[in-house]
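Architecture and fold: a report
Chain residues, written in single-letter form:
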Amino acid sequence: MPNKIKVHEKALGHLSRGLYRSPASALRELVSNAWDGNATVVRINTNYPSFFQISVEDNGDGFTRETFSNLMEGGIGNSPKRPASAPLLNDRPLIGRIGIGLLGIAQVCGTFTITSKPKKGEGFRARVNLYDLLKNSLDENDKNVVVGEVVEIGEYEFDDEYDLTKRPTGTLILTDTVHPTFTRAFQESLKFEKYEEPPRDWKKALQILSKIHSLQEVGDYWRLLWELAASCPIPYVARNALPDALIREDQERLEGYKFRVYVDGIQLFKPVYLRGNQSGYTWRKISQQSKVYGKELAFHGYIVVQEGAQLHPDELRGILIRVKNVGIGYYDPSMLDYRFNEGPRAKWLTGEIFVADGLEDALNIDRDSFNRFHPEYRTIQTYIHKILQGEIFPDVWKQIDVRSEAKAKKRNSERQHNLKTVIKEAVSTPVKLRYKPEADKGEGPQQAETKETRDRFEIALPKTDTLDTKKSNRQLANAILAIFEVALREKTDENRRKKFTALLLKFLEKW
Amino acid sequence: MAEGLFKYEDCPLKHHIRKEAWLPLCKNRKRLLRQGRTKAARDRRLHYFTFCAVGAIDVLMLDVEKVIRPSNDRFDTVCFFDVNEEYVNETQKSIPGAIGFPGDFVEIVCADDPEEGNLIDDLAALTSATDAQDTLATRKQQACLAKRRQFILQFPFDVINFDLEGFLFQPNTPPPGRLMRAFRKVFEWQRRPLRIGTSQFTLDGFSLMLTTQIGPPNLPQDYRDELRRYLEENLDNDAELRPLLLNRTGVDNPTTLSANYFEDFFRLSTPKALANVLMAEDWYVDPDTGISLYEIERAWEGGKYRMLHLLMDIKRQNPDRDHRFAGPPPVNLLDAYRTVVRAIFERRETAVTDALIDRPAIDSHLNLIRARRAKYLGEN
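These remarks concern the structure in this document. (Residues numbered from 1 in each chain as written. Chains lettered and ligands numbered in written order. Predicted model: local features only at pLDDT ≥ 70, side-chain atom pairs only at ≥ 80, totals over all residues. Heavy atoms only, no water.)

Let's talk about the side chain of A:T177
Structurally, A:T177 can be placed in the loop between β8 (170-175) and α5 (180-189). Here the side chain of A:T177 touches A:D176 through a polar contact of 3.2 Å, side chain to side chain. There is a polar contact of 3.4 Å between the side chain of A:T177 and the side chain of B:K140. Beyond its immediate chain neighbours, meaning those up to four positions away, A:T177 contacts A:V108, A:C109, A:G110, A:T111, B:R139, B:K140 and B:A143. (Helix = DSSP H or I, 4+ residues; strand = E, 2+ residues; numbered from the N terminus. Polar contact = N/O pair within 3.5 Å; in protein donor to acceptor, adjacent residues only side chain to side chain. Contact = heavy atoms within 4.5 Å.)

Structure (structure tokens):
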């Protein structure tokens, strides 16, 4: 008979302290809890500009003292998903279960207070104190922490004297002493050269971010705002935030959920606003439904390429997958491990994939990344790569050709104009430039010729593509030939030499 | 804001004082700023400190009245302290961008810091500790020091509002008490130069508001003795004061006053205690405006108590302590002090009662302030 494989609760103990890679990821879990709790407003306060405390407050259903006790006493990692029979407000899809995310805040502080006033049932205020140096204690099998197969990671105590009648319905999580490293990093970021105070109007904040290369330049506070804006299930700044009404339906859906997130009084919206690029945009709408190993997988979204211009900040580049509207990790600049090198064009691309059904099993426990070999993830990856390789990038290349052609045409015309101007100044009469008809083979290389009439100076140039030199040199060669002919009109060699040099240098000033 | 978190926020009597006493004082301070010597000094915004701040109704009122000017809807020239994280959280929702410190004001202000005189790296306290382990106790210690240093760096303020709900003098510590010791530190830090960008300003004066409950009735004898000494000194130095005292309280002896008429004793001696602390830190009360007193009576289950509100303009001593010889206070300063003291004996406090206030005006003013709060909360 095979032996059973078991997991010790110490594993969960470790997870309780090292699950999220950034404060935004930990806070995102609390925002998700608020969403599932039918909240319409979540307010995160970072104590900006001091950062000595953080709070997350929502106006949702709250949870009861009993639920909290159950969670704290073994329910973390074991909480049932909300029943499908209890639909969420405004047809929101259910994100997850209240669980370890509740302790995510432990990554920035060791003690916090949670106050919840449910719509039904008994509310509570409790102070949670997570043990210091837990990882050491776990490794050393400290008997105060590892009790048999159970791991005790901290303590909680109800504050029965607190008068809950004063509080509105919902949940408030408030840290006590935030870790000094966090406080310091955030305070320091306000002193960065490129730091600007985030305006309360998020659209204006996006304008600031569109002028920087990376969020690193503006520091951790902006990064927190941006990451929360990217990951929370909130609307875009406007229906036209992306070209050609790409997100119109998504915006209607997201607005319909009536879910707002504020950080320090700033109402967040998704951090993407692509308008006004000179060379325009190339885009594809995505919509796909399939079955993977018998499970439904449904996703839709968009991919947009900002033609000829890098996206700013860098963090907007790549593809972000959203499961039940919540961003998983960051925008992936590898485009889900796209295997072709598209050079700088990859830096023009951004996209979002909204996964409505499936992919949850592919989520890693941090809910910040995927198992990249999960069949559902692979299905999405293959689909996206097919679109990138077969449709998006070929279009982008075509656009590059179109733009290059237009650019070359414009440049050539400017250079012709420059040549005419330089010669006109030398001969003091209007100048006409024309190309000679193609010569017969065997006649040797064509030369430029000049003809002076009473009212104009005419130069006949060889056709550029007949000159036997590199394509990129032909226009310059032609110009030099023209200048040479003009210089030849001088009477002495010395004057010809002087004239040629002067005209050439003058012409090259604007080359 | 959670309903009732600050139960006197809507109190019309209290709001009358805000509107009719605090507001004119702050407006006057702003007017004085506009008379600054340089353009930068004239153009700068008013810096305001408030403790306790919960609800920040005073700040919102000054915003409505355009005395405080937020930048991009952020109250970056407002600093406040509150007793706990929850209150700070509530306040910052109402006045985003204000610099809020949670914790025990007195403990933080009076904490020992060997680096206080040389604050170069304000973030040093938040650097990873090399010897101590990463425990809650270590982190709390680091945070306390960091808060203190950052609080010091916010100084000076044009207006300071110590809006206490409790007693100024707490019997469990020796005189002058924890709060008075903290105030002294605050007045010391008020001498710091104000730095805004690359500009630096020296404060010639500021406005001070102090609210305290009158009491406690069982104030220990050592406190009473200390306060009585101020009164006796005043009486000894100015023969005209004793008749004024008699006229005002019915007695002319501070000992009797302390024993039998404690509230009058408190009203007369507390402003002087404060004036003396200010003088010790190189400031003095402007004799032209003196100290204004307002009072509210409140009921509680055990009876009634009174809240005393003190308002004053403060000036920097001239020449300041760095530019004069050590020795007894200059004559002009003593004259100013005498004038202020005499005014305290002469002028009675204004008792703010329902009969005095214009209730519709108060309600409508409060509504304006609530609307402003709703704007910052994103509820509009």
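Examining the layout of surface pockets
Residues and elements named next belong to chain A. Put simply, the largest pocket is a space of about 1,000 Å³. Split by residue class, the lining of the largest pocket holds 15 nonpolar, eight polar and eight charged. Here the lining of the largest pocket spans two domains, and each of domain 1 (1-173) and domain 2 (190-275) adds at least three residues to it. (1 Å grid on protein atoms, 1.4 Å probe; cavity = no way out; pocket = protein on both sides within 12 Å on 5 of 7 lines; lining within 4 Å. Points joined across faces, edges and corners; volume = space filled by probe spheres on them. Nonpolar A, V, L, I, M, F, W, Y, C, P; charged D, E, K, R; others polar. Domains from an automatic or database assignment.)

Remarks on the pairing of strand β11 (residues 281-292) of chain A
Residues and elements named next belong to chain A. Sheet analysis places β11 next to strand β12 (residues 295-306), joined by 12 bridges and oriented antiparallel. Across the sheet, the residue bridging to Q289 is A298, located in β12. The antiparallel hairpin formed by β11 and β12 contains two residues in its connecting segment, where Y293 sits at a positive phi of about 50°. (Pairing = 2+ DSSP bridges.)

Looking at unusual backbone geometry
Residue and element names in this part refer to chain B. Residue C52 is reached from F51 by a cis peptide bond, and omega for that bond is -10°. Relative to the helices and strands, C52 is located in the loop between β1 (48-51) and α3 (57-64). With an omega of 5°, the peptide bond running from P175 to P176 counts as cis. Here P176 shows up in the loop between β4 (159-167) and α7 (178-189). In this model, N72 sits at a positive phi of 50°, which is unusual for a non-glycine residue. The class of N72 is partly exposed, set by a relative accessible area of 46%. (Buried < 20%, exposed > 50% of the residue type's maximum accessible area, 1.4 Å probe, protein only.)

A closer look at empty space enclosed by the protein
Scanning the entire structure with this criterion turns up four cavities of 30 Å³ or more. Contributing to the lining of the largest cavity are 14 residues, with A:N45, A:D264, A:G265, B:Q92 and B:K93 lying nearest its centre. Among the elements of the structure, β1 (41-45) of chain A together with α4 (85-94) and α13 (359-377) of chain B are those that each provide at least two residues to the lining of the largest cavity. In terms of residue count, β1(A) provides more of the lining of the largest cavity than any other element does, three residues in total. Two domains each put at least three residues into the lining of the largest cavity: domain 1 (1-173) and domain 2 (190-275) of chain A. Empty space within the second largest cavity amounts to approximately 90 Å³. A:A24, A:S25, A:R28, A:W226, A:E227, A:A230, A:S231, A:L320, A:G329, A:Y330, A:Y331 and A:D368 together form the lining of the second largest cavity. Of all elements in the fold, only α2 (23-36) and α7 (215-231) of chain A reach the threshold of two or more residues within the lining of the second largest cavity. Ranked by residue count, the leading element in the lining of the second largest cavity is α7(A), at four residues.

Observations concerning the sheet that holds strand β18 (residues 457-461) of chain A
Residue and element names in this part refer to chain A. With mixed pairing, three strands are arranged side by side in an open sheet as β16-β18-β17. Each having just a single partner strand, β16 (431-435) and β17 (449-452) make up the two edges of the open sheet. Adjacent strand axes in the sheet meet at a mean angle of 20° when their direction is disregarded. Pairing analysis gives four bridges linking β17 to β18, with the strands arranged antiparallel. (Axes fitted to C-alpha atoms, helices over the stretch in contact; angles between N-to-C directions.)

Points about the environment of A:V396
Residue and element names in this part refer to chain A. Relative to the helices and strands, V396 is located in helix α9 (residues 375-427). We classify V396 as buried; its relative accessible area is 0%. Counting along the chain gives 91 residues from V396 to V305, while the straight-line C-alpha distance between them is 7.7 Å. Excluding residues that lie within four positions of it along the chain, V396 makes contacts with T282, V305, E307, R345 and W348.

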